[in-house]
Structures are given as C-alpha cells and as structure tokens.
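Chain by chain, the residues:
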Amino acid sequence: MAGAAIFDVDGTLTDTNHLHVVAWWEAFRQAGHTVPMPDIHRAVGLGSDDLIERLLGADRDREQDDAISSAHTVLYGTYFDRLPAFRCAGDLLRTLAGRGWRVVLATSASGAELAALRRAVDADEAIQDTASSDDVDRGKPAAEPVELACRLAGVAPEQAVFVGDTVWDMEAAARAGVRAVALLSGGIPRADLERAGAVAVYRDVADLLDQLDAGPFGSPPLD
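Residues numbered from 1 in each chain as written. Predicted model: local features only at pLDDT ≥ 70, side-chain atom pairs only at ≥ 80, totals over all residues. Heavy atoms only, no water.

J.: In this structure, what is going on with the domain arrangement of the protein? I would like to understand it.
T.: Under the domain assignment, the protein is made up of domain 1 (2-13 + 83-212) and domain 2 (15-76). Taken over C-alpha atoms, the centre of domain 1 sits 23 Å from the centre of domain 2. Each side of the interface is counted separately: domain 1 has 19 residues, and domain 2 has 14 residues. The contact between domain 1 and domain 2 buries some 1,400 Å² in all, and 51% of this surface belongs to carbon and sulfur atoms. In terms of surface lost to domain 2, no three residues of domain 1 exceed Asp-10, Pro-84 and Trp-168, which account for 33% of the buried area on that side. Taking the shortest distance from any N to any O, the salt bridge between Asp-192 and Arg-42 comes out at 2.7 Å. At the junction of domain 1 and domain 2, the tally comes to 10 residue pairs in polar contact (both at pLDDT 80 or more). (Domains from an automatic or database assignment. Contact = heavy atoms within 4.5 Å. Buried area = accessible area lost by both parts, 1.4 Å probe. Salt bridge = Lys/Arg side-chain N within 4 Å of Asp/Glu carboxyl O. Polar contact = N/O pair within 3.5 Å; in protein donor to acceptor, adjacent residues only side chain to side chain.)

J.: Help me understand the packing of aromatic side chains, please; the structure alone is not making it clear to me.
T.: Geometry of an aromatic ring pair is reported as the spacing of the ring centres plus the angle between the planes. In this structure the tally under the stated criterion is 4 aromatic pairs. Look at Tyr-76 and Phe-80: their rings are 5.8 Å apart centre to centre, the planes differ by 80°, and that puts the pair in the edge-to-face class. With a relative accessible area of 1%, Tyr-76 lands in the buried category. In this structure an aromatic cluster arises from ring pairing among Tyr-76, Tyr-79 and Phe-80. (Phe/Tyr/Trp six-rings, centres within 6.5 Å; stacked < 30°, edge-to-face > 60°. Buried < 20%, exposed > 50% of the residue type's maximum accessible area, 1.4 Å probe, protein only.)

What follows is the structure, encoded as structure tokens:
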C-alpha cells in the first residue's frame, strides 16, 4: 500500500490567499462591515461559515451570512481565468506521484473554484482524488477533510503526510493523526505553524521539492 501525500490548495499550491482576502473584504464592506484585512488573512483557510463567525462574531445578524458568502464567491470568481500557481507546484505533485505517493487534495474549494485551481496547478495526471468542501460536514480545522483524504487514498493516518499553509491546516492534520508539513507561502509566521503541529516548515513548494529527500517525503511510502 502506498502512502498518501495530501495537499491543501490555496496558499499552498496556488498563490491565492490574498485574492481571497480582497474578495472577503469587499464582501463584508458591501454588507456594511469594516473588517481589517490582516484579520481576514488570519482566517483564510476556514470554510465560509466558520470564517464569517470568526470575523463577525456569534452575535452578528446571521441573515447576512448567505449574502456575504455569495458576494465573496462572485468577487473571487472574477480571478478564475488567471489564478497563479506557485512555481514548481505541478512538478512537486508529479514527482511525488512518480515515487509512489498517492496525491490527494484536501481543500475548502469546490465546484468551479476547484476546477480553476486545478487548471492553475496543471497536474491532474498526478492527482488521485480530492476531498472538497462538498464532501464533508465540517471543514478545517476539524479533522474530517484530512480523514476523508486518507480514506480516498486507502491509507491509515500514519501512512500520510499533509502539506498546508495555515494554522487550520496544521490543526486538522494533528487531529487526524497525520504528519503535518507547513509552507510559509500563505503568509502565516513559522512559529504559529509550529505551535499548531507542523513537523517541518519550508518556504514554499519549490523549497520543499528541492529538499524532498531530506524531509518527511524522503523515505519511500510506508507499506
């Protein structure tokens, strides 16, 4: 049985976190809320419901939630034809697949957004499956997306490595019993990622690829 290489997408394989920040900022503004961009940045990676809850609080007017989420979807959708993948993102996935790792995406994106992200990464031949927000009841930092990714790959948690860029990614991996590798490409400080459970931290996917033999992917997948 091969091991699983599980990847977050936004901020990990694609340089899209700050596009989300701008889209959420404008969506909140349209609903009459002034939310600082640094606060939004720290919340990126959560599902829409959890992100709104974190930024507006439990005592907000919940009747606005659907409109805010929909506005974000529309605003972010204007970038779909030009979403940028990080350098070497596709090369990393193809290299891991070539070494016998089962590559699975675990992301809060779905539908047209996920399709646009996959086009940007341009490595569909290396991707075995995807655990999207449509497939789980609770997104990261809950363990469910990572647990589903393991099931899709047909591996136990100890046979998997999860790569992400946010505290939520690290917490989800830790709760699922999966080794977590963090990238700094999403803009979250190294110390925060390590406190959340990262066993290794790299600058970006290109840095991880350069050091692949020395880190958690350096050994053949566990049988």
